[in-house]
Amino acid sequence: MLYGIAAATTAFLLAAVLAALIRPGALRLGLVDRRRARRVPALGGLAVVGATCLVACAGDWTGVAPLGTGVGELVAAGGAVALLGLVADVWRLKTRFLLLGTAVAAACVVPYDEFGVVGGLLGAGWIAFVAVAFKGLDHADGLAGTVGVVTAFGVGACAAAEVMDGLAVLLSVLAAALTGFLMHNWHPARIALGAGGSLFAGFVLAAAALVTRTGHDPVASAGVLFALTAVASADVLLVVLSRLLAGRPVLRRGPDHLAHRLRRLGLTSQRATVVLGAGSFAGVLVGVLVHGGWVGRTGATCVACVTLGVVLLLLRVPVYGPRSLESSQVSGHLRVRSG
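Given the structure is predicted, the values throughout are model-derived calculations rather than measurements.

Participant: Where do I start with the side chain of arginine 261 in this structure?
Facilitator: In this structure, arginine 261 sits in helix α11 (residues 258–264). The buried charged residue arginine 261 lacks any salt bridge partner; its closest oppositely charged side chain belongs to aspartate 256, at an N-O distance of 5.1 Å. Look past the residues within four positions of arginine 261 in its chain and what remains in contact with it is Leu238, Ser242, Asp256, Leu314, Leu315, Val317 and Val319.

Here is the structure:
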């Protein structure tokens, strides 16, 4: 208990300090978020990755808080995904390459002995999907960090219920690091999470959630995993449907994510993030309750139905202007980044 508090406090402070130190260098090198009109450094994820890995590995190395079987490999794979994201931040890799690279890393950490080959491959695909979905959440100040903190606490609770102490410690450290980073990322953001940080957070959260469901009913597991990541999944579903219906390339960036549409409805950037954070908390709470057996699997079904209903309602919010005005709308978005 005492180590957990000390580890979380250390990760919080370390991430906050590293983010402040990274910002000036990223600005000098011109490594800024290309989706914004104002210059916001896009390497803040390095602070989250560094704080999480350093604190977690220090506990494992000293023997104070051993990560346990498979958790060290998960951290290493997450680090590889973060490195891939860093390359994307610097050289603008296409999303398809990020998805493929993340899927390869996920395939290295899936417990095939529990899920089988087919189930393991499906699990790897889901981990990659969630990781890229978290990258999409970085379209608004504070959103990816807020959803990440809520999800980390929820998945950590599931890990604690399964007596996976090392995994629970890793998730608490990640939550603390994301909280420290949010000190610089809340609106108006002074530094962005970037592909490196968002992919890392999504990857670790999804892989950890999958591990906690080993030995459970596959159908119930699918419901729990969706509930734990409902907001990220809803954002992807909304964007894909919107672009398909509009006849636009699916991988083409635009102001059509969750926070963009809430802004169109009159919410401020901060309120949009709070609303989506609350939605994430509701989904995560249901997921934890279903995982612990306190609520039946119908609870996860309700989350799926509500999520689909919200997506269909938000699809009615107009976001695409005439082609001649679209680029100016994207670049002129003052408070919410398009992803």
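So, next bit.
Participant: Sorry if this is basic, but what is going on with the packing of helix α12 (residues 269–292) against helix α13 (residues 298–314) here?
Facilitator: Between two packed helices, what matters for the description is the angle formed by their axes and the separation of those axes. Across the interface, α12 lies against α13 with an axial gap of 9 Å and an inter-helix angle of 160°. If you check the angle between α12 and α13, you find them roughly antiparallel. Crossing of α12 over α13 shows left-handed handedness. Residues Gly283, Val286 and Val290 of α12 form the contact with α13, whose own contacting residues are Gly299, Ala300 and Val303. Per-class residue counts for the contact of α12 with α13 are 4 nonpolar, 2 polar and no charged.

Participant: Looking at this structure, how should I read the packing of helix α4 (residues 95–107) against helix α5 (residues 112–137)?
Facilitator: One can describe the packing of α4 onto α5 by two numbers: an axis separation of 8 Å at closest approach and a directional angle of 145°. In this structure, α4 crosses over α5, and the sense of that crossing is right-handed. Across the interface between the two elements, Thr95, Leu98, Leu99, Thr102, Ala103, Ala106 and Ala107 from α4 touch Tyr112, Ala124, Ile127, Ala128, Phe129, Ala131, Val132 and Lys135 from α5. Across the contact of α4 with α5, the residue classes tally to 12 nonpolar, 2 polar and 1 charged.

Parameters and conventions
- Residues numbered from 1 in each chain as written.
- Predicted model: local features only at pLDDT ≥ 70, side-chain atom pairs only at ≥ 80, totals over all residues.
- Heavy atoms only, no water.
- Helix = DSSP H or I, 4+ residues; strand = E, 2+ residues; numbered from the N terminus.
- Buried < 20%, exposed > 50% of the residue type's maximum accessible area, 1.4 Å probe, protein only.
- Lys, Arg positive; Asp, Glu negative; His and termini not counted.
- Salt bridge = Lys/Arg side-chain N within 4 Å of Asp/Glu carboxyl O.
- Contact = heavy atoms within 4.5 Å.
- Axes fitted to C-alpha atoms, helices over the stretch in contact; angles between N-to-C directions.
- Parallel < 35°, antiparallel > 145°, perpendicular 65-115°, else oblique.
- Left-handed = near helix turned anticlockwise from the far one by under 90°.
- Nonpolar A, V, L, I, M, F, W, Y, C, P; charged D, E, K, R; others polar.

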